[in-house]
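Architecture at a glance
Each chain, letter by letter, is given below.
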Amino acid sequence: MTDYKGVMVLGEVADGKVEAITAELLGAGRSLADALGEELSGVLLGSNIAGLSKDLIAFGANKVYTVDDPLLKEYQTDAYVTVIQRVCNEVKPSILLIGQTIIGRDLAPRLAFRLETGLATDCVDLHIDPASKLLVQTHPCYGGNARAHIVCPTARPQMATVRAKTMTPLERNDSRTGSVIPLQANIDQSALKTKVLNRVKEEAAGIRLEDAQVIVSGGRGMGGAEGFKHLEELAKIVKGAVGASRAACDAGYAPASVQIGLTGKIVAPNLYIAVAISGASQHMAGCSGSKVIVAVNKDSEANIFKESRYGVVGDYRQVLPAFIEMCRELVGA
Ligand SMILES: Cc1cc2nc3c(=O)[nH]c(=O)nc-3n(C[C@H](O)[C@H](O)[C@H](O)COP(=O)(O)OP(=O)(O)OC[C@H]3O[C@@H](n4cnc5c(N)ncnc54)[C@H](O)[C@@H]3O)c2cc1C
């Protein structure tokens, strides 16, 4: 176990760019590595990705391992798990951080099984226990009502998947220096059980929820898809995106792709406007990282008011038109 050293972050690449989660993982990894007095490395898999190493270094990595191969162009479970397993066996990181993303959710449990180690998923906090030097991984459980602190005392690497927007990236600094170590993929094509034939991108109009600095979200109390038109109007004025609770998505008021919460998207905008949302813990799990939450709800006892900085008690049909007018005036739209 003593030959396992350092913190490693699995970088994610989409459309030729390093994903935001990678910078967040590197931010967390940097403070863990500093607490241990060890190095922070990144690993990047893909095709033609050599030029992306500098991004990981600019966000805090001391070293970047790259595995560049046409077979790694698209995420493919067998290929990625096999290659990362080999990288881990070679580099022997003490800690491995992976995003709680579509790729991370697919890859991390398989990798942990193959490496015969433990895995804490969906972590929202990570720190080093000063006495044991073990990684303490915080994972929300019971629908976000409790938090478990998990350690992996004997097996290595200590593996965690990390929820998006819960870790703060370092400020990008292109003067940081680091080394880039290319590794061979050596993929046995016959071992790949699936093949990506085609990729169809979902058309998204306007700002992506994950990137929006303002989100206007609606709940079941909107009463129908018609109500969401007010939210779209407001979102347009404040240059934001529209989100929804699971109940609103299940009822067909909004598409499932905009669901926010434990089983939806995790967002952390500057401003989150929750309209006719009760504030169930599973919903708050997806938006409690927002800087300011504003609630509109006709029930003064609704839980959302406990979670929000500002609140209006009233029927959204009466509150929103005035709110929209005021925003329009303020932004001169
Ligand atoms: C395992 C699990 C995972 C889950 N994951 C998620 C998740 O990812 N995201 C999520 O959102 N939920 C999730 N849920 C569901 C969650 O528990 C709640 O049921 C859901 O969030 C409720 O949605 P809501 O607040 O829109 O609806 P409700 O709880 O029905 O609340 C509607 C609110 O609207 C108000 N209202 C009604 N009419 C008006 C009006 N005219 N004007 C103003 N206010 C009005 C009411 O006072 C009420 O507070 C999950 C549940 C489980 C068990």
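Residues numbered from 1 in each chain as written. Predicted model: local features only at pLDDT ≥ 70, side-chain atom pairs only at ≥ 80, totals over all residues. Heavy atoms only, no water.

In this section: the overall build of the protein. Counting secondary structure elements, the protein contains nine helices and 17 strands. Here the C-alpha atoms of the protein give a radius of gyration of 22 Å, agreeing with the 20 Å that 2.2 N^0.38 yields for 333 residues. Projected onto its principal axes, the C-alpha coordinates of the protein cover approximately 65 × 50 × 40 Å. Burial status across the protein gives 48% buried among its 333 residues. Taking contacts inside the protein between residues at least 6 apart in sequence as the whole, the part at least 24 apart equals 61%. Carbon and sulfur atoms form 52% of the exposed surface of the protein, whose accessible area is close to 16,700 Å². Within the protein, one finds 35 positive and 36 negative side-chain charges whose respective centroids are separated by 0 Å. (Helix = DSSP H or I, 4+ residues; strand = E, 2+ residues; numbered from the N terminus. Rg over C-alpha atoms; globule rule 2.2 N^0.38 Å. Buried < 20%, exposed > 50% of the residue type's maximum accessible area, 1.4 Å probe, protein only. Contact = heavy atoms within 4.5 Å. Areas by Shrake-Rupley, 256 points an atom, 1.4 Å probe, with all protein chains shown as cover. Lys, Arg positive; Asp, Glu negative; His and termini not counted. Charge placed at Lys NZ, Arg CZ, Asp CG, Glu CD.)

With that settled, consider the pattern of salt bridges. A side chain of one charge can pair with a side chain of the opposite charge if their charged atoms are brought near each other. Under the definition given, this model contains 16 salt bridges. The residue Arg199 makes a salt bridge to Glu74 at a minimum N-O spacing of 2.7 Å. Here Arg199, found in the loop between strand 12 (179-183) and strand 13 (214-218), pairs with Glu74, found in the loop between strand 5 (63-68) and helix 3 (77-91); they are 125 residues apart in sequence, far enough to count as distant. Judged by its relative accessible area of 54%, Arg199 is exposed. Here Arg172 makes a salt bridge to Asp174, at a shortest N to O gap of 2.9 Å. Given a relative accessible area of 36%, Arg172 falls into the partly exposed group. (Salt bridge = Lys/Arg side-chain N within 4 Å of Asp/Glu carboxyl O.)

Ordered in space as 14-13-15-16-17, the five strands form an open sheet in which the pairing is parallel. Two strands in the sheet have a free side with no partner beyond their single neighbour: strand 14 (241-244) and strand 17 (310-313). Taking each pair of neighbouring strands and ignoring which way they run, the sheet shows an average axis angle of 15°. As paired strands, strand 15 (residues 271-275) and strand 16 (residues 292-297) are joined by five bridges and run parallel to one another. (Pairing = 2+ DSSP bridges. Axes fitted to C-alpha atoms, helices over the stretch in contact; angles between N-to-C directions.)

Let us now look at the domain arrangement of the protein. Interface size, as often reported, equals the accessible area lost upon joining of the parts. Domain annotation of the protein identifies domain 1 (7-191) and domain 2 (209-331). The distance between the C-alpha centroids of domain 1 and domain 2 comes to 33 Å. Where domain 1 abuts domain 2, roughly 630 Å² becomes buried across the two surfaces, and 54% of that area is made up of carbon and sulfur atoms. Connecting domain 1 to domain 2 are zero salt bridges. Linking domain 1 with domain 2 are two residue pairs in polar contact (both at pLDDT 80 or more), by the criterion used here. Here the residues of the side of domain 1 that touches domain 2 are counted per class, giving one nonpolar, two polar and two charged. (Domains from an automatic or database assignment. Buried area = accessible area lost by both parts, 1.4 Å probe. Polar contact = N/O pair within 3.5 Å; in protein donor to acceptor, adjacent residues only side chain to side chain. Nonpolar A, V, L, I, M, F, W, Y, C, P; charged D, E, K, R; others polar.)

It is worth spelling out the nonpolar core at this point. For soluble globular proteins, the rule of thumb is that nonpolar side chains tend to be buried together. Formed by 43 residues in total, the largest nonpolar core has its most connected members in Phe228, Leu231, Leu234, Tyr272 and Val275. For this core, the elements supplying multiple residues, two or more each, are strand 13, helix 5 (225-237), strand 14, helix 6 (246-250), strand 15, strand 16, helix 8 (304-307) and helix 9 (316-331). In this structure Leu234 touches Val216, Ile273, Leu320, Phe323, Ile324 and Cys327, once residues within four positions along its chain are discounted. Core analysis: the second largest hydrophobic core is formed by 29 residues, Ala33, Leu44, Ala61 and Leu126 among them. (Core = buried A, V, L, I, M, F, W, Y, C linked by side-chain atoms within 4.5 Å.)

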